[in-house]
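# Report on the structure
The residues making up each chain are set out below.
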Amino acid sequence: MADNYAKNRNLLYEFSTIIEREKDLHRLYFISLPIIMIAFGFEKGAVFKYSKRKRCFDPKAGLKKESLEELSKKWESFSKKGEFAEYMLKADTSTLYETDYNKKIRGLNIPCNDTSRLIANMFITKTDRLLKTEKIENKYIARVLRDMEMENALYIPLTAKNSIVGFLLLTPPDKKTSDLKFFCTGLGLAMSALIEDKEIANLKRFLDFNEDDIKQKQRLYEIGKTASTITHEIKNALIGIMGLFNKLKNYIESSEKTDRYVEIIESELNRIYRFVADINKFSSHYTPTDKKPLNLKDVIDRAIDLTNTINNNFVFSVCIDKKASTVFGDRNQLEQVLINLFKNSIEAYGNKEGGQIRIRAKREGEFIILKIRDNSGGVEDKQLKEIVKPFYTTKTQGTGLGLSIVKEIVKEHGGDIEFKNTQNGLECTIKLSAPKNITEGEYEQKEDYDN
Amino acid sequence: MSKKKIMIIDDEDAIRLLYREEFEDEGYEVAVYENGQAALDSFEKEKPDLVVLDIAMPGMSGLEVLGKIKEISPSTPVIMSTAYSHYKEDFYTWAADAYIVKSPDLTQLKEKVKELLSR
Ligand SMILES: Nc1ncnc2c1ncn2[C@@H]1O[C@H](COP(=O)(O)OP(=O)(O)OP(=O)(O)O)[C@@H](O)[C@H]1O
Ligand SMILES: [Mg+2]
């Protein structure tokens, strides 16, 4: 017992060194999981991280008894010298963790539903945060538990500053001690600090920060935030107005005049509503993504269909290489990308006959390269960099957010986007991932396992 | 069977009026409050069967109110509603029983209310 206490004190000390110094999020949970397990004698464990953007929990690492025993031995030999933290900070965690199991659980997105409600409720009402897995109804978590052969586990939320960053599952569940709280609080705080750093870095990347015009970009960001507050207020007020107007209509005596008034008011209200919603789509681009292998042709066809409802003078030609038939992504978001691009081409071309959009898709290694080219005249070369920036618009009715949303979605898909002028129009090149588990020869059979 | 009572907390006059009328038409008893504090003060007296709660309100925020309601009466279903889905990622909202993005069309909200009350 006293032995254990001393051991924990030591580990806690080493652990605090690690959470202070480790700057890589992945390595942080890779390193802290085994330490927590060694300290409290858990035999199996898994770390889950909450993804704000995807609004789900991602399993990040799982550790079983065998690998842990190996580490325990190292701990014994390093602990006397007080160098375990040093060892772990330098250790190659990939060899430790690139087991089949970890490959399997990563990429499994666990939707936040019943389980998250459970954690949130425990947190809000300040009840005990340790929970047995029998109470977990979430089928994804159940699957991880099954895969890990964990029947019953402690369920420990990792929280920081009123937000949740993830949770741990640990077996056997009877190892609960109050010291465990220190470790978990520490881990939660450290994770949240690293996540915040990453978010700031992402935001900087999104706004394309370069040292010269940080001030201007900062302003843009502020404008974005203000816009979102304003539109929130407007939308809130509109909802009441529109709802009440719907009721009012029942009391209005129908005549040629009144019908026309009603129609105008309604269509204008709808227009403001849509406009406001558009602006906010930009400032709240945290829409959940649901990525899966998709038939690229379906996605393109649907986007064309939807675009045709606005303007069907445009001629689309689509050519997809056989090897590029499947793309990995979120159906709605990719449609949104295409629709925004098509809309721009149509708006740039204007109201004459002869507008064309050509879409080509080919495969390059792990990527699908999608080229979308119009004959709408393009932009000035020096504008090429500007057009993707938030609020950049040359239109009286535009928000200037169309391409920012496009860029954000493509980035969120781990892809890339580029614009260039061609002879008579603009060409957009988008790089997207091909589904990972489909090799080039295999794609055809698996083509429509989307549904 | 007696009428089910819905408590509505929203700072927007028009929305309170709209919700009140719409839910009364559906046969519910409705109590409206324009801020969280007032609603909490009357919570024991009102004993609502369900709460519809706006998130962005001046004074006590909807999230705070949610925490308090869940402390007083954990089993009373609470629907969080807001004009935008921003807050969905906010950890506290998970403690709510449902999350609705406000819209002039109340169908979705009404369905949620019905569903939660029949649980
Ligand atoms: N295909 C195109 N051809 C010529 N100019 C384009 C094209 N696509 C975009 N642009 C230019 O880039 C600007 C920014 O486009 P973006 O889609 O971001 O906003 P917008 O179209 O102006 O507004 P919104 O998308 O909200 O309607 C446009 O105003 C236009 O000047
Ligand atoms: Mg546009």
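Structure: above.
Reference entry: report on the structure contained in this document.

Basis of the calculations
Residues numbered from 1 in each chain as written. Chains lettered and ligands numbered in written order. Predicted model: local features only at pLDDT ≥ 70, side-chain atom pairs only at ≥ 80, totals over all residues. Heavy atoms only, no water. Helix = DSSP H or I, 4+ residues; strand = E, 2+ residues; numbered from the N terminus. Buried < 20%, exposed > 50% of the residue type's maximum accessible area, 1.4 Å probe, protein only. Lys, Arg positive; Asp, Glu negative; His and termini not counted. Salt bridge = Lys/Arg side-chain N within 4 Å of Asp/Glu carboxyl O. Polar contact = N/O pair within 3.5 Å; in protein donor to acceptor, adjacent residues only side chain to side chain. Contact = heavy atoms within 4.5 Å. Near = heavy atom within 4 Å. Areas by Shrake-Rupley, 256 points an atom, 1.4 Å probe, with all protein chains shown as cover. Expected span 1.5 Å × (residues − 1). Pairing = 2+ DSSP bridges. Axes fitted to C-alpha atoms, helices over the stretch in contact; angles between N-to-C directions. Parallel < 35°, antiparallel > 145°, perpendicular 65-115°, else oblique. Nonpolar A, V, L, I, M, F, W, Y, C, P; charged D, E, K, R; others polar.

### Topic: the side chain of D374 of chain A
All names here are of chain A. Tracing the backbone shows D374 in strand β10 (residues 367–374). Within the buried set, D374 has no salt-bridge partner at all; the shortest N-O distance to an opposite charge, 8.0 Å, is to R373. One polar contact links D374 to S345, side chain to side chain, over a distance of 2.7 Å. With near-sequence residues (within four places) excluded, D374 lies in contact with S345, Q356, I357, T422, N424, G425 and L426.

### Details of the site of ligand 1
All names here are of chain A. Around ligand 1, 20 residues are found, and the nearest of them are N344, T393, T394, K395 and T399. Contact between ligand 1 and N344: an oxygen atom at 2.8 Å from a side-chain N or O atom of the residue. The contact in question runs from an oxygen atom of ligand 1 to an N or O atom on the side chain of T394, over 2.5 Å. Notes on ligand 1: free accessible area 600 Å², of which the protein chains cover 92%. Elements that contribute at least two residues to the shell around ligand 1 include exactly α13 (331–349) and α14 (402–412). Per element, the largest residue contribution to the shell around ligand 1 is five residues, and it comes from α13.

### Brief notes about the side chain of S73 of chain B
Here S73 of chain B lies in the loop between α4 (62–72) and β4 (78–82). A distance of 2.4 Å separates polar atoms of two side chains, one belonging to S73 of chain B and the other to T76 of chain B.

### With respect to the environment of R360 of chain A
Residues and elements named next belong to chain A. Tracing the chain through its elements places R360 in strand β9 (residues 356–364). Each C-alpha atom of the pair R360 and D321 lies 7.9 Å from the other, and the pair is 39 residues apart in sequence. With sequence-adjacent residues up to four places away left out, R360 is seen in contact with S317, V318, C319, I369, L370 and K371.

### Some details on α13 of chain A
Residue and element names in this part refer to chain A. An ideal rise of 1.5 Å per residue puts 27 Å on 19 residues; α13 measures up with 27 Å between its terminal C-alpha atoms. Where α13 begins, the capping side chain belongs to D330, and its oxygen is found 2.9 Å from the backbone nitrogen of Q333. Once α13 ends, the next one or two residues include G350, with phi positive near 85°.

### Overview of the sheet that holds strand β7 (residues 315–320) of chain A
All names here are of chain A. Spatially, β7-β9-β10-β12-β11 is the arrangement adopted by the five strands of the open sheet, whose pairing is mixed. Only two strands of the sheet have a single partner each, and these edge strands are β7 and β11 (416–421). Strand-to-strand twist of the sheet, defined as the mean angle between neighbouring strand axes without regard to direction, takes the value 15°. Along the sheet, helix α12 (residues 296–308) makes contact with β7, β9 and β10, crossing β7 at roughly 175°. Relative to the sheet, α14 contacts β11 and β12 (426–433), its axis offset from that of β11 by approximately 140°.

### Things to note about the packing of helix α2 (residues 25–40) of chain A against helix α3 (residues 65–79) of chain A
All names here are of chain A. Direction vectors running N to C along α2 and α3 enclose 75°, while the axes themselves pass 10 Å from each other. What the angle tells us is that α2 and α3 run roughly perpendicular. Of the residues in α3, those in contact with P34, M37 and I38 of α2 are L68, L71, S72 and W75. Its residues placed into classes, the contact of α2 with α3 shows six nonpolar, one polar and no charged.

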